[in-house]
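# Architecture and fold: a report
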Amino acid sequence: MTEPREPRRRVPRPAARPARGGPQRPAAKRTAARPTARPAPKPAPKPGAKRPAARRPAAPFRLASPRPRLRLVSLALTLVLLAFVVRLFQVQAVDASAFAAKANENRYVPVRLAAERGAITDRNGVALASTVDAYDITADPSLLAPDRTGIDDAPQRAAKLLAPILHEDRGTLAGKLARHHTRYVLLSRQQTPQAWKRIKDLRKTLDAEAAAAPRRAPRPNVLVGIFADKHSKRIYPNKDLASGVLGFVNGEGKGRGGIEALLDTALAGKEGKLVYAQSGGRRVPTADAQEHPAVPGSDVQLTLDRDIQWAAQRAITRQVRKSRADRGYVVVQDTRTGEILALANSPGFDPNDISRADPGALGNAALTDAYEPGSTSKLMSMAAVLEEGAATPATRVTVPNRLHRGDRLFADDVDHRTWYLTLNGVLAKSSNIGTILAAGQLGKTQPEANRVLYSYLRKFGIGKPTGLGFPGETDGILAKPQDWNTSQQYTIPFGQGLSLNAVQAASIYSTIANGGERIAPSLVRGTTGPGGRYTPAAHPERSRVVGKKTAATLATMLESVVDDHEGTGPRAKIDGYRVGGKTGTSNRVDPKTGRYHGYTASFAGFAPADKPRITVYCAVQNPTRGSYFGGQVCGPIYQQVMEFALKTLQVPPTGTKAPRLPVTFKPGE
């Protein structure tokens, strides 16, 4: 049996809490304010009536979630930041050095500091080549345009003022200055500082006139667009003097030809470098700069004597012009040291202006031309005969009008009856037939004689470099004796069938003058470095060719060529001095056709004959007017140059008389 439920008691609600800070209302009032009536219940539908469909409550309006968008934005930002990080890592770590170098390249400007080229002087310190300041005169033609100057003929006016200063054609300058579409033209190269000063002074004068002119009639300065680029310039104060020896310097400052090329490294020095910071195209004065100063080139002192060089060059130039010859050369050598005192060529060139030089005159023909020496070469054959004891100066040699050897008939330069000559007479009268007969005594057979003669020719330096190491120098041509053909074994003894250059020819006579000892020729005496220290050149090579007795005998025999009335070189005499020399006249091989055409006239000798000091050698190629014999063409040149050299070097006469060796003999005595 269940117990009856106790009626449910209504629990009163708690009184409403008053608003903070506001006055409390009494409880009765709060109760009265609450509505007591409830809404009336909806009436129940009638039986049989269609009940209305229940309406689904409307879905509440909700905002889209921002999380996907935030995720997308975050991902994008992450990728961007990652790209920046990767790039930053590449710049700062991987390619840091490359970017740093590129930054420095743009910020720091390197400037080349040109080294001053060393001077070239003669043996006495006289400048033959030096370096001075020069200016390339340039212009900005756009500044001379009519819309800028208000003058239609401003280029013509400027050209009229500049032409006499620059020594340029007025019309050419006007044409360059009229190119208003360009900002740069080169008006003239390598002008002197004096020329640039004249232009600046003239520009100042025009500025003053323009300032003083009334406003209604302005006078613009037509030289406002003229500028100058400063650089160094190689000058040769003596113009064409010794140009073949000196060579020249091209537009890039490189030596081309001669000593300029041979010693280019020493003369050029070492370039310097200046690196400075720049900003906006201007140097930053407060920033650090690195400077490596240029090292000047060394000065080179040659063995040449300027005065003797001048005398030699003047003499050969006159003779080449007089004879209408292709060219000629003179070599002057100190017999005691081998030093070359003069090395003259004609025609020459002015190294100050190569653009106007004849291309055929460039170089040094005295060293680059190979030619057959002719009778001056007989001295070597006589030296071999005397040194080998095959004959003496008094040995008798019967010289017929013609000599049949091999497949040829040999003759002398003049038609004659049978000559009865001594060996000294063979040299004095320059007999080809007599030389063939004497050289044939060098061996029991002709091949043996050829080998002996060849060995002496080599000792004298034929077929070998001179020792100068000059650009383009020829060694000459001397075939080995086993390769001598039927003609050569008889022509080589008198100077045909072999070739040499002028310095080699001079060295032959210097060897005899020096007592039979050959000293290699030299052109450089020493160098002076940037620090002022002088370094002499290495000593030249020396070698014994023949004995002193043989050399002294040959010197006396050479006097017969000049002093004896039957000799071929009387025009080489010098009053007060004993002179020994030898003429030469040889058939010349035309370098263009390779065939014999014309002659080579030459003369070689030394003085004083009994105490030699100077050797002079002269050769003229293809004289076409007047005589072509060496005694007449080159004998006077030898006399002029030798006399001048003896006086310049103050070489006194020995005061002794020359012994007269017999030239002929009477048959049957």
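Residues numbered from 1 in each chain as written. Predicted model: local features only at pLDDT ≥ 70, side-chain atom pairs only at ≥ 80, totals over all residues. Heavy atoms only, no water.

### Notes on the overall build of the chain
Each helix and strand in the chain was counted, giving 21 helices and 24 strands. Within the chain, buried positions represent 43% of all 669 residues. If you take every contact in the chain between residues at least 6 apart in sequence, the share linking residues at least 24 apart comes to 72%. A total accessible area of about 38400 Å² is found for the chain, and carbon and sulfur atoms account for 52% of it. (Helix = DSSP H or I, 4+ residues; strand = E, 2+ residues; numbered from the N terminus. Buried < 20%, exposed > 50% of the residue type's maximum accessible area, 1.4 Å probe, protein only. Contact = heavy atoms within 4.5 Å. Areas by Shrake-Rupley, 256 points an atom, 1.4 Å probe, with all protein chains shown as cover.)

### Digging into the packing of helix α13 (residues 378–387) against helix α19 (residues 548–563)
Describing two packed helices takes the angle between their axes plus the distance from one axis to the other. Packing of α13 against α19 leaves a shortest axis separation of 10 Å and a crossing angle of 135°. Relative to α19, the element α13 is oriented oblique. The interaxial crossing formed by α13 with α19 has right-handed handedness. Contacts from L379, M382, A383, L386 and E387 of α13 reach α19 at T550, T553, L554, M557 and L558. (Axes fitted to C-alpha atoms, helices over the stretch in contact; angles between N-to-C directions. Parallel < 35°, antiparallel > 145°, perpendicular 65-115°, else oblique. Left-handed = near helix turned anticlockwise from the far one by under 90°.)

### Re the packing of aromatic side chains
By the definition in use, this model includes 11 aromatic pairs. Ring geometry for Y329 and Y371: centres 5.8 Å apart, planes at 25°, overall stacked. Within this pair, whereas Y329 is found in strand β12 (residues 327–334), its partner Y371 is found in the loop between α12 (365–368) and α13, the two being separated by 42 residues in sequence. No difference in accessibility class separates Y329 from Y371, as the two residues are buried. The structure contains a cluster of three or more aromatic residues connected by ring pairs, namely F410, Y490 and F494. Between the NZ or CZ atom of K429 and the centre of the ring of W419, over which it lies, the distance is 4.8 Å. If you follow K459 out to its NZ or CZ, it ends over the ring of Y456, 4.8 Å from the centre. (Phe/Tyr/Trp six-rings, centres within 6.5 Å; stacked < 30°, edge-to-face > 60°. Lys NZ or Arg CZ within 6 Å of the ring centre and 35° of its normal.)

### A short note on the UniProt feature "transmembrane region" (unreviewed entry) in the chain
In the numbering adopted here, UniProt assigns the feature "transmembrane region" (unreviewed entry) to residues 70–89. Annotation note: span residues 70–89, helix share 100%, strand share 0%, distance between end C-alpha atoms 28 Å. (UniProt positions renumbered as here; feature names shortened; annotations may be inferred.)

### As for unusual backbone geometry
Residue P347 is reached from S346 by a cis peptide bond, and omega for that bond is 0°. Within the secondary structure layout, P347 lies in the loop between β13 (340–346) and α12. Looking along the chain, the bond that leaves A607 and enters P608 is cis, with omega of -20°. With respect to the secondary-structure elements, P608 resides in the loop between β23 (596–607) and β24 (614–621). Look at S430: it is not a glycine, yet its phi comes out positive at around 55°. Assignment of secondary structure puts S430 in the loop between α14 (423–428) and α15 (432–439). The buried category is assigned to S430, whose relative accessible area is 8%. For Q650, which is not glycine, the phi dihedral falls at a positive 55°. Within the element layout of this structure, Q650 appears in the segment after α21 (635–648).

### Focus on the nonpolar core
Core analysis: the biggest nonpolar cluster contains 83 residues, and L302 and L343 have the highest contact counts within it. Tallying contributions element by element places helix α18 (residues 502–513) first for this core, with 8 residues. When residues of this core are sorted by domain, at least three fall in each of domain 1 (104–133 + 238–302) and domain 3 (306–348 + 366–523 + 545–649). Other than its neighbours up to four places away in sequence, L343 contacts V245, L304, Q309, V330, V331, N364, A366, L367, V503 and L523. Counting 32 residues, the second-largest nonpolar core is a separate cluster that includes A315, A572, I574 and V620. (Core = buried A, V, L, I, M, F, W, Y, C linked by side-chain atoms within 4.5 Å. Domains from an automatic or database assignment.)

### Digging into the sheet that holds β24
As summarised here, the arrangement of the 5 strands in space is β13-β12-β24-β23-β22, forming an open sheet in which the pairing is antiparallel. Of all strands in the sheet, those with a lone pairing partner are β13 and β22 (580–589), marking the two edges. Here the average twist between neighbouring strands, direction ignored, is 10°. As paired elements, β22 and β23 share 9 bridges and run antiparallel to each other. In the sheet register, G584 faces β23, and the bridge partner there is S602. (Pairing = 2+ DSSP bridges.)

### Section: a nonpolar patch on the surface
Nonpolar side chains collect at one region of the surface, where L75, L79, L82 and V86 lie side by side and expose about 390 Å² of accessible area between them. One can find L75 in helix α2 (residues 67–94). (Patch = residues over 30% accessible without salt bridge, like charges linked within 9 Å, V, L, I, M, F, W, Y side chains within 5 Å. Salt bridge = Lys/Arg side-chain N within 4 Å of Asp/Glu carboxyl O.)

### Comments concerning the pattern of salt bridges
For the coordinates displayed, the defined rule picks out 20 salt bridges. Across the pair E260 and R234 runs a salt bridge whose closest N-O atoms are separated by 2.9 Å. Taken together, the residues E260 in helix α9 (residues 258–262) and R234 in strand β5 (residues 226–235) connect sequence positions 26 residues apart. For E260, a relative accessible area of 0% corresponds to the buried category. Looking at R234, the relative accessible area reads 10%, which means it is buried. Connected through shared salt-bridge partners, R117, R234, E260 and D264 make up one network.

### Thoughts on α15
The buried count for α15 comes to 7 of 8 residues, which makes it a mostly enclosed element. For α15, the full list of buried residues reads N432, I433, G434, T435, I436, A438 and A439. The N-terminus of α15 is capped by S431, whose side-chain oxygen sits 3.5 Å from the backbone nitrogen of I433. (Polar contact = N/O pair within 3.5 Å; in protein donor to acceptor, adjacent residues only side chain to side chain.)

### Observations regarding the packing of α13 against helix α16 (residues 446–459)
Running from N to C, α13 and α16 point in directions that differ by 115°, and their axes come no closer than 9 Å. Here α13 and α16 pass one another in a crossing that is right-handed. Mapping the contact onto sequence places M380, S381, A384 and E387 in α13 and L453, Y456 and L457 in α16. In terms of residue class, the contact of α13 with α16 is made up of 5 nonpolar, 1 polar and 1 charged. (Nonpolar A, V, L, I, M, F, W, Y, C, P; charged D, E, K, R; others polar.)

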